[in-house]
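Summary of structural features
Chain residues, written in single-letter form:
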Amino acid sequence: MAKINPETLQFLTTLKQNNHRDWFHAHKLDYTKARQNFEDFSRILLENLQSFDETLQNIEIKQCLFRIYRDVRFSPNKEPYKTHFGAYFAKNGGKNSHFAGYYFHLDPEESFFGGGIYMPLPEYLKAIRKEIYYQIDEFKAIIDAPAFKKYYAGIDPIEKLKKAPADFPKDFPEIELLKNKHFFASHYYNPQNAFKEDFINDVVNGLKMAKPLVDFINFSVETDALGESISI
């Protein structure tokens, strides 16, 4: 049974305190071991996801793992390394996919997993909002389902619009849902729990409960048949 080793989390904890190249190069072996442990866990996780989501059948683990090196070219934060490990499992490219999928995040301070889409392409965002508008009962049934709510409080309210998005009626009863710019649901967990043998089962079950949300989003962006603007 795959699990996260305590040494993996300890490496990330220490990296947060020593985020510079000299320390990292001196501890490259520790990084390699931690990275391999996270990859092994994520590989088993992917195999479990493939058992209930056939759209992931052709995805390989190397497509899903994010690099630890940060792109600091346009960032005021010049620390060279991320201080977490992350993996994104989605159709058509894993971490490089534009589709909704499943994400697993290991961080000493804020660990979580979940499903949905973050920073969708503009045309995808519009399609998702339109599908929610026209199929609001179906969407509400997904996010209000007891199995979903066991893990998720709802759509993460990240960077929401202050006003109704263009082309949507301001008096729509569920306008708050349409104000979302990202349609992702997160479940936060104690990273110490990742050391337990049965932890991966909890992650798999949680991500399975997010599949209806992932399916709804991907259906929206793939079948956007309603091309007209919504009239008030």
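So, a few notes on the structure that sits alongside this text. Please read all numbers here as calculations on a predicted model, not as lab measurements.

A tally of regular secondary structure across the protein gives eight helices and four strands. Whereas a compact globule of 232 residues would reach a radius of gyration of roughly 17 Å, the protein reaches 19 Å, a difference of no more than 12%. Principal-axis analysis of the C-alpha atoms gives the protein an extent of 60 × 40 × 30 Å. Looking at the protein as a whole, 49% of its 232 residues are labelled buried. Contacts in the protein between residues at least 24 apart in sequence constitute 70% of all its contacts with a sequence separation of at least 6. Charge-centre separation for the protein: the mean point of 30 positive side chains lies 5 Å from the mean point of 32 negative side chains.

As a rule of thumb, nonpolar side chains are buried together in soluble globular proteins. Within the largest apolar cluster, 66 residues are counted, with the highest numbers of intra-cluster contacts made by Phe-11, Leu-45, Phe-89, Phe-104, Phe-139 and Phe-183. For this core, the element with the highest residue contribution is helix H8 (residues 199–222), accounting for 11 residues. Non-local contacts of Leu-45, meaning those with residues more than four positions away in its chain, are made with Phe-89, Phe-104, Ile-200, Val-203, Val-204 and Leu-207. Listed in part, the five residues of the second largest apolar core include Ala-90, Tyr-103, Phe-112 and Phe-184.

This part is about the sheet that holds strand S3 (residues 111–117). With antiparallel pairing, the four strands of this open sheet are ordered in space as S1-S2-S3-S4. A strand with exactly one partner marks an edge of an open sheet, and here the two such strands are strand S1 (85–90) and strand S4 (183–189). Within this sheet the neighbouring strands show an average axis-to-axis angle of 15°, counted without direction. Across seven bridges, the pairing between S3 and S4 is antiparallel. Of the residues in S4, the one forming a bridge with Gly-114 is Ser-186.

Let us look at the pattern of salt bridges. What the rule picks out here adds up to 12 salt bridges. For the salt bridge of Lys-140 with Asp-144, the shortest nitrogen-to-oxygen distance reads 3.6 Å. Of the charged contacts in the structure, one is a salt bridge between Glu-176 and Lys-160, with a shortest N-O distance of 3.1 Å. With Glu-176 in helix H7 (residues 175–178) and Lys-160 in the loop between helix H6 (146–149) and H7, this residue pair connects regions lying 16 residues apart in the sequence.

Our next topic: the packing of aromatic side chains. In this structure the tally under the stated criterion is 27 aromatic pairs. Summarising the aromatic geometry, the rings of Phe-104 and Phe-199 are spaced 6.2 Å apart at their centres and angled 55° between planes, so their arrangement reads as tilted. On the criterion of sequence distance, the pair formed by Phe-104 in strand S2 (residues 101–106) and Phe-199 in helix H8 is long-range, its members being 95 residues apart. Residues Phe-104 and Phe-199 agree in their burial class; the two are buried. An aromatic cluster is present here, built from Phe-38, Phe-41, Phe-85, Phe-104, Phe-113, Phe-148, Tyr-151, Tyr-152, Tyr-189 and Phe-199 joined pairwise through their rings.

Conventions we followed
- Residues numbered from 1 in each chain as written.
- Predicted model: local features only at pLDDT ≥ 70, side-chain atom pairs only at ≥ 80, totals over all residues.
- Heavy atoms only, no water.
- Helix = DSSP H or I, 4+ residues; strand = E, 2+ residues; numbered from the N terminus.
- Rg over C-alpha atoms; globule rule 2.2 N^0.38 Å.
- Buried < 20%, exposed > 50% of the residue type's maximum accessible area, 1.4 Å probe, protein only.
- Contact = heavy atoms within 4.5 Å.
- Lys, Arg positive; Asp, Glu negative; His and termini not counted.
- Charge placed at Lys NZ, Arg CZ, Asp CG, Glu CD.
- Core = buried A, V, L, I, M, F, W, Y, C linked by side-chain atoms within 4.5 Å.
- Pairing = 2+ DSSP bridges.
- Axes fitted to C-alpha atoms, helices over the stretch in contact; angles between N-to-C directions.
- Salt bridge = Lys/Arg side-chain N within 4 Å of Asp/Glu carboxyl O.
- Phe/Tyr/Trp six-rings, centres within 6.5 Å; stacked < 30°, edge-to-face > 60°.

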